[in-house]
Amino acid sequence: MSVSTAAVAQTVCAPLPVLGRDVTVPLVTGGEVGYAALDYAASAPALQRVWDDVAAYAPYYGSVHRGAGYLSQLSTDLFENARRTVAEFLDCRPDDQLVFTRSTTDSLNLLAAALPAGCQVFVFETEHHASLLPWKDARVTCLDAPRTPAQAVAALESALAGRDPHGPALVCVTGASNVTGELWPVRELAAAAHAHGARIVLDAAQLAPHHPVSVRDLDVDWVAFSGHKLYAPFGSGVLAGRADWLRAAEPYLAGGGASRKVTRREDGGVDVEWHESAARHEAGSPNVIGAYSIASACKALTEAGFDTLVAREQYLVEKVRTGLAQVPEVRVLSLFGDDAPRVGVISFVVDGWNSSHFAAALSAEYGIGVRDGLFCAHPLVRTLLGSDPRSQGECGAPDAAPGEKSLNAIRVSFGAGTPDEHVDRFVTAVRELVTEGARWTYRTEDGRCVPAV
């Protein structure tokens with residue numbers, strides 16, 4: 001451990017209690033071990049606080065906005081209070097709307113459906129598919145992967161300078177990469193967008209669980225994130241930001257709750273008056289438990305203090321990066337370089353190993369759960385691995401197309417609930433697998449590398 005890491009270790013807090021911390025899993029080599037969940041970037045474990053809050057509410061669960069009974073009124077209050085809690089967590093402006101959705105993907109598809117006619121969208125090829133793909137009905141300009149934050153800002157400014165200045169435009173950018181963990185210059189990109197008359201939406205799926213997100217301070221027009229990455233895995237997400245485009249758009253889903261008034265016409269059809277509030281895009285029975293769980297997680301993270309959480313996570317990041325740097329066969333993937341600030345998400349490749357094989361061995365022989373593949377960010381991973389970002393492939397397939405046999409990577413990710421032992425075991429496992437090899441044999445089954453039996 002370096003001096004700086006040791007110093008930080010003395011000042012950081014213990015991991016926050018999460019579900020699954022006592023789960024044991026079998027090893028192919030015999031015996032059991034405590035499961036090391038190091039795939040937070042896909043889905044983080046539920047905070048114990050979130051689980052307890054949901055369990056306490058569950059007996060009082062009722063329909064939202066539609067009942068005169070006590071449980072319905074209680075559930076409605078809880079749902080709307082959750083909206084206010086999350087808006088405070090995001091430091092939203094007074095006139096912003098906050099819509100509860102199913103996920104980041106759902107949030108960005110909702111915004112895509114609300115774009116004004118003729119809107120031009122600017123997005124970097126580095127985005128997760130959730131923020132890269134929803135804009136199919138707009139004019140999309142896809143920008144190359146930048147190699148520095150300053151280059152990202154310059155590339156966006158250049159692209160925006162050439163756009164139609166009279167039409168609407170939207171920039172979509174991640175706050176933290178789900179592949180490299182690197183932080184993006186959101187505030188500077190927002191300034192560039194606004195200087196050219198464009199709006200900006202922030203994909204905060206990987207940022208919100210690790211860093212405070214202030215809509216006002218970053219000066220973004222919208223922010224989207226998912227509960228399941230914020231320690232609240234109950235199928236809910238958030239889109240928060242400016243109300244005008246959302247109010248002007250047709251409801252994302254047509255149905256009860258989105259409609260304020262429905263009348264029959266003489267010709268047999270119906271006329272509908274839609275809500276202008278967030279309810280306009282929340283048709284159907286809301287996921288009150290999902291919304292409440294997000295609010296509970298927001299409270300827990302706020303009370304723990306992001307300064308403390310960030311310090312502890314950076315301590316873990318340094319432990320992992322220092323350990324991987326001591327294995328010459330390991331290459332960590334990065335856009336902005338080793339000194340770039342990042343959250344607890346690190347992707348790498350190992351010389352002589354298919355990444356699916358390596359991830360399978362980590363799981364089967366060490367009880368460590370990581371992710372392998374292209375991480376639903378195909379163009380970015382291909383760029384980082386030196387492949388044509390336009391080529392086709394399938395996430396995580398060890399039997400990829402000819403010429404792409406090694407076109408996947410390993411991702412380790414962690415957060416507020418990760419104990420030191422998990423990252424220590426991971427670093428040890430990487431070193432042992434590289435120097436000693438796997439202790440078991442593996443085979444391909446349904447596109448996955450699995451232990452042979």
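See the structure shown above.
A. Structural view of unusual backbone geometry. Phi is positive for D91, which is not a glycine, with a value near 55°. Along the chain, D91 falls in the loop between α3 (70–89) and β4 (97–101). Overall, the relative accessible area of 28% leaves D91 in the partly exposed class. Within the chain, D219 stands out as a residue other than glycine whose phi angle is a positive 60°. Here D219 shows up in the loop between α8 (215–218) and β9 (222–226).

B. Here's a closer look at the sheet that holds strand β10 (residues 237–241). Taken together, the 7 strands give an open sheet; going across it, the order is β4-β10-β9-β8-β7-β5-β6, and neighbouring strands pair in mixed fashion. Two strands bound the open sheet, and with one partner strand each, they are β4 and β6 (139–143). Going across the sheet, the axis of each strand differs from the next one's by a mean of 20°, ignoring polarity. Sheet topology places strand β7 (residues 169–174) next to strand β8 (residues 199–203); 5 bridges connect them, and they run parallel. Following the sheet pairing, V171 is matched in β8 by I200.

C. Local environment of the environment of S131. With respect to the helices and strands, S131 occurs in helix α5 (residues 129–132). Of the residues examined, S131 reaches a relative accessible area of 0% and is grouped as buried. Remark: the alpha-carbon pair of S131 and A224, spanning 93 residues in sequence, is separated by 9.7 Å. When near neighbours in sequence (up to four residues on either side) are disregarded, S131 contacts L108, V123, C172 and D203. Polar side-chain contacts of S131 include one of 2.6 Å to the side chain of E127.

Conventions and cut-offs
- Counting restarts for each chain, with residues numbered from 1 along the sequence as it is written.
- The predicted nature of this model means local features are confined to residues of pLDDT at least 70 and side-chain atom pairs, given and counted, to a pLDDT of 80 or more, with totals for whole chains, interfaces and linings taken over all residues.
- Side-chain figures throughout are based on the complete set of non-hydrogen atoms in the structure, without hydrogens or water.
- In DSSP terms, a helix is any run of H or I states spanning at least four residues, a strand is any run of E spanning at least two, and both are numbered starting from the N terminus.
- The buried label goes to any residue with under 20% of its type's maximum accessible area, the exposed label to any with over 50%, and the partly exposed label to all in between, with areas taken from a 1.4 Å probe on protein chains only.
- When DSSP finds at least two bridges between two strands, those strands are taken to pair.
- Only the contacting stretch of a helix is used when fitting its axis, a line to C-alpha atoms as for every element, and angles between N-to-C directions run 0 to 180 degrees.
- Whether two residues touch is decided by their heavy atoms; if any such pair falls within 4.5 Å, the residues are in contact.
- Pairing of N or O atoms within 3.5 Å defines a polar contact, subject to two protein rules: one partner must be a possible hydrogen donor and the other a possible acceptor, and residues neighboring in sequence count only if both atoms are side-chain atoms.

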